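Here's the letter readout for the chains.
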Amino acid sequence: MKQPSATTGLKWDEPLLWEKGQSGRSAFSLPARDVERFAVESNMERQGPDFPDLSEPEVVRHYTRLSQWNYGIDSGLYPLGSCTMKYNPKINEAIAALPGFANPHPLLPEQSCQGILRVMAELERFLAEITGLDAVSLQPAAGAQGELTGMLLIRAYHESQGSPRSKLLVPDTAHGTNPASAAICGYQPVAVTSNERGILSAEAVAGLMDEQTAGIMVTNPNTLGLFEENIMTIAEIVHEKGGQVYCDGANMNALFGRVDMGKSGVDVLHLNLHKTFSTPHGGGGPGAGPVCVRQHLEKYLPVPRLVEKQGRLSWSSDAPDTIGRMHGFFGNFGVMVKACCYILSMGAENLQKVSELAVLNANYLKENLKQTLHLPYDRLCMHECVFTDKNQADCHVNTLDIAKRLIDYGFHPPTIYFPLVVHGALMTEPTETETKETLDGYIAAVQAIDREARTAPELLRQAPTASRLGRLDETTAARSPCLTG
Amino acid sequence: MRYLPHTDSDIAAMLKAIGVDSTDDLFANIPEAARSSREMDLPPAMSEWEMRAYMERLAAESPDHKIFLGAGKYDHYIPATVTNLLERSELLTSYTPYQPEVSQGTLQAVYEYQTLTARLLGLEISNASMYDGASALAESLLMATRIRKKSKGKIVLSSLIHPSYCQVVKTYFRPTPFEITFLPVLADGRTDVSALADMGDVVAVAVQSPNFLGCVEDLAGFGDLVTQTKAIFVTCFTEPLAYGLYQPPGGQGADIACGEGGSLGLPPGYGGPGLGMLATKMDYVRRMPGRVVGKTTDANGKDGFVLTLATREQHIRRARATSNICTNSNFCAIAAAVYMACLGKTGFRELARLNYDKTEYLKQQLRRAGMTLPFGAPTFNEFVVKLPPDFKRKYADLAASGGIVAGLPLADWYPELADHYLLCVTEKITRADMDQLVKEVSE
Amino acid sequence: MRSVDELVLPEALGYTENHEWARKDGSEVVAGITDYAQEELGDIVYAELPEIGQSFEKGAEFGTVESVKAVAELYMPVAGEITGINQELENRPDLVNEDPYGRGWLVTIKPADPGEIQSLMDKTAYYELLKGL
């Protein structure tokens, strides 16, 4: 019988930064002054900033303690749906920290940056190859920025065709960034309802697609973990009316080596390097969201673009139809290096295995948990699957309670309450880097929690109790926001 | 492969539990026509040895330089403490703190970052970061339109905002009916704000300080004029260290202050990742984009932190969100907080002063060598100097074989500033480095 | 979540299918959200209300009500001009949960057509609507 086994290591209480330190302490070593002091315009001078003064041991202890309150992939399973919390390889960190990658200024003369530019050029080629598309921009700094870029590309395309459009089809399973990106671009999102199998039907799309609609934003596989089987017909319907197909590539981890996105009818797609390509999430970012496009959209890509002449790489802004610039420089190079390292370490064969094992792990969880958690779409899933709290409803516990009790069992909960089309969703993506033993442990924990729901539901409602803090009051935080100390 | 733990017996047991014969069967739902027709054409898998050797060769093509180069990214010394603490995998490999009970490390660190940022910029609140300074400016201007509840009108930018930032703003505003106009430059290198008085329908005005030419703008004066137009006053920066010496935007009328925080503990990294900072007044909090951490208590009354005001964001508000931003530059924000914690009030001020004094020294020496510095406004750690026309060839030689990058040639950026160079001096440049540069330009 | 029969539905109010209520108060109309709406949303954290003097059509969006995890748009039960907004909600948004028909009122309206309020659903019709959800 599985017992809650979470410990949180040492449970320090650590005050806020400005509650520590003493005026005059320092954790910084200034170089010796080798110039005299010059006058400063006194009415422009400042006495601040009001930062605390700490010594170096205090700073180190502070952040060491803070880090020990955190759960990371290195701590345990992190089954967040559509986040692809796979292992972050340490060699990639070491490579990204090499002085020749970490130190160069972005505006150095190009002849001093050929190695850097080569990394970017190779990554562009790899991503085009992996997706089956033709041209790539590495500029977008995150998936959502990639989506916005894609929207702007589609908009530029329609403008050039003399047919500016006002609407965009967005499936009801879409991630919130999809309609948000469409709206920023001036498109009115029109919801497409998924069918009883949890995927888009060609009929539903045909019923909505017209010459006022710029196209459709699909996620494939979708957020229910299901492959959009009708994608090719849907793409035809959209193209027939002059629209474009945008694919949110967040779930690419399911498809390495299996699907040619270009062949499936996609015109533009973004990838999340911090999901599929193993770069670390850092508590919320930075990531990178490169866009890959079919040939006809290449001329609209953001500038500058990387060009190669006689073996020499350089930046070119010679692109009269470009949508412009998305990033202050060239994108998140530090993230690109890590993704490039990952692809070089894996090679084609292993990347294909990544998808096989990711899908294997998700289906294994699905088969083992569907007796315990309600599974609305009981068929083959891809890299993730979605459960609901329906089976536990009569115990008066909900998805939130189940999630919080998982913490007491030592697991980070899956994504909860998304996608919205499923009530009380538990969107679960194990990824390929988890062992069978870990998955068996997770299955046992969920089964134990289900038993507790029936015999001692208070354990769920009071959870978590093993962590340093209990359930936090999000209502007061929103009613009376205290955002600075 | 060492990242893929499954053994053949693992796979066999799992396939059995699922009820299929092979992993291929798991992909049965993919239509034939969409399938890849061949294996991906990628280099064969490299071992850790091979990959390291390969990448080290590429990295070696960018040897170390002495750079007098700023223009949006500044080469500051990063204490070993910062680098070391940021290797802690609980901070690095964690996700967005949607489950706050197991993410208090990230949440408290970001709350502290927000507080230090607000104090640095002299405003009431800060968000948990944007991607970089350029997108932070674009998002701040979009925020201004929401505050004023305007769907059209003028967005007025100083033409001395970093040119790449202006490009990004134009890209973000392309799908909107807003009109972007620019304010011209005064002889002293500051923005000429006088034209603002005659403009109607102004929704937001933005100025960068120190500006792209290195000059510190008269923010208070600017702010007064903007207030008269009822527009939202947005200030931006590329070098936040300047606010260790100079008055921050908050006390000078700024409604929103935004910019690039890379100087605070991030390596130049060929331009990214960066750190978009955004601070504003509490009154505007519900229009502010991005995540934000708030303080609260748990079920037992203990202090803790959560992401809050999430109803502004895309995962709840979807099409009506304040922004589409999801992933931010969280890890960089924590790096900046650690850096600011290492410096402290005293250190931040002293470091700013050192940057300023070294830069003033170089300016003085160049003047003594007969060079013209065309702009008279006060500067921080960047300024413009006119060098002899034949320096162009020397510039390339110095970079290629001398290991010195003598600033940014402005000819490509402003045709009227041919033979002008934007020089930057940080604490990493020595007096000897500067004397050598002066010698090189004088010969 | 309470069952429909447990929800409070005062007799003398008019109801909309967007879960707003309205009642006559002299020549004005007072409006808010129903017990069902506040229960669905959860702990209310903020109400975004229009400015006094603004006019809206019937069914037009005039503001929003936010909980921690959701936002609900508010739609005018009748066409008219906003004559008052509940200032108390600034510091006490929880009044919408606690007393949705009393202290949790949202706006007062000077109706463009004083008779329009008669066209709203009565308690019985609204109850039937809730049963059908």
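Residues numbered from 1 in each chain as written. Chains lettered and ligands numbered in written order. Predicted model: local features only at pLDDT ≥ 70, side-chain atom pairs only at ≥ 80, totals over all residues. Heavy atoms only, no water.

A. The arrangement of the nonpolar core in detail. In this structure, A:Y63, A:F101, A:L127, A:F277, B:M55, B:L362 and B:L366 are the most contacted members of the largest nonpolar core, which totals 221 residues. Residue contributions to this core peak at 21 residues, all from helix α9 (residues 333-369) of chain A. Here this core spans two domains, since at least three of its residues come from each of domain 1 (66-76 + 345-442) and domain 2 (80-340) of chain B. If we ignore the near neighbours within four places in the chain, the residues touching A:L127 are A:V136, A:L138, A:L271, A:L273, A:F277, A:P290, A:C292 and A:I343. In terms of nonpolar packing, the next biggest core, distinct from the first, is built from 66 residues, A:V170, A:M326, B:F173 and B:C236 among them. (Core = buried A, V, L, I, M, F, W, Y, C linked by side-chain atoms within 4.5 Å. Buried < 20%, exposed > 50% of the residue type's maximum accessible area, 1.4 Å probe, protein only. Helix = DSSP H or I, 4+ residues; strand = E, 2+ residues; numbered from the N terminus. Domains from an automatic or database assignment. Contact = heavy atoms within 4.5 Å.)

B. Looking closely at the interface of chain A and chain C. Counting from both sides, the interface comprises 4 residues of chain A and, opposite them, 8 residues of chain C. Summed over both partners, the interface of chain A with chain C buries about 500 Å², with 52% contributed by carbon and sulfur atoms. Sorting the residues of chain A by area buried against chain C places A:E474, A:T475 and A:R479 first, and these three jointly supply 86% of that buried surface. At the boundary of chain A with chain C, the tally comes to 0 salt bridges. Here chain A is connected to chain C by 3 residue pairs in polar contact (both at pLDDT 80 or more). (Buried area = accessible area lost by both parts, 1.4 Å probe. Salt bridge = Lys/Arg side-chain N within 4 Å of Asp/Glu carboxyl O. Polar contact = N/O pair within 3.5 Å; in protein donor to acceptor, adjacent residues only side chain to side chain.)

C. Quick peek at the sheet that holds strand β11 (residues 382-386) of chain B. All names here are of chain B. Strand order across the open sheet formed by 3 strands is β11-β14-β13, with antiparallel pairing between neighbours. Of all strands in the sheet, those with a lone pairing partner are β11 and β13 (408-409), marking the two edges. Lying over the sheet, helix α10 (residues 330-368) contacts β11 and β14 (420-424), oriented at roughly 10° with respect to β11. (Pairing = 2+ DSSP bridges. Axes fitted to C-alpha atoms, helices over the stretch in contact; angles between N-to-C directions.)

D. Quick peek at the pairing of strand β8 (residues 305-309) of chain A. Residues and elements named next belong to chain A. With 5 bridges joining them, β8 and strand β9 (residues 312-316) adopt antiparallel strand pairing. When the sheet's bridge partners are listed, L306 is paired in β9 with W315. If you look at the hairpin formed by β8 and β9, you'll find 2 residues sitting between the two strands, and Q310 has a positive phi there, around 50°.

E. The arrangement of the environment of A:A339 in detail. Residues and elements named next belong to chain A. Note that A339 resides in helix α9. Spatially, the C-alpha atoms of A339 and T279 are 6.2 Å apart, while their sequence positions differ by 60 residues. Apart from residues no more than four positions distant in its own chain, A339 is found in contact with L123, L273, F277 and T279.

F. Molecular detail of the sheet that holds strand β6 (residues 232-237) of chain B. Residues and elements named next belong to chain B. Strand order across the open sheet formed by 7 strands is β2-β8-β7-β6-β5-β3-β4, with mixed pairing between neighbours. Where the open sheet ends on each side, the last strands, each with one partner, are β2 (125-126) and β4 (179-183). The pairing of strand β5 (residues 202-208) with β6 spans 5 bridges and is classified as parallel. In the sheet register, V205 faces β6, and the bridge partner there is F233. Across the sheet, helix α6 (residues 133-147) touches β3 (154-158), β5, β6, β7 (256-260) and β8 (276-280), and the angle it forms with β7 is around 160°. Against the sheet, helix α8 (residues 219-229) touches β4, β5 and β6, its axis set at about 150° to β6.

G. Geometry of helix α11 (residues 436-455) of chain A. Compared with the 28 Å implied by 1.5 Å per residue over 20 residues, the 29 Å span of α11(A) between its first and last C-alpha is a close match. Looking at α11(A), one finds that the buried residues are A:K436, A:L439, A:G441, A:Y442, A:I443, A:A445, A:V446, A:A448, A:I449, A:D450, A:E452 and A:A453. The elements touched by buried residues of α11(A) are α9, α10 (399-408), β12 (426-428) and α12 (458-461) of chain A together with α1 (8-18) of chain B. (Expected span 1.5 Å × (residues − 1).)

H. Representation of the interface of chain A and chain B within the structure. Taken residue by residue, the interface counts 206 residues in chain A and 183 residues in chain B. When the two sides are added together, the surface that chain A and chain B hide from each other amounts to roughly 16800 Å², 63% of it contributed by carbon and sulfur. Three residues stand out in chain A for area buried against chain B, namely A:R46, A:F51 and A:L483, and they jointly supply 5% of the buried area on that side. Counting across the chain A and chain B interface gives 9 salt bridges. Linking B:E101 and A:K404 is a salt bridge whose minimum nitrogen-to-oxygen distance equals 2.8 Å. Joining chain A to chain B, the criterion identifies 89 residue pairs in polar contact (both at pLDDT 80 or more).

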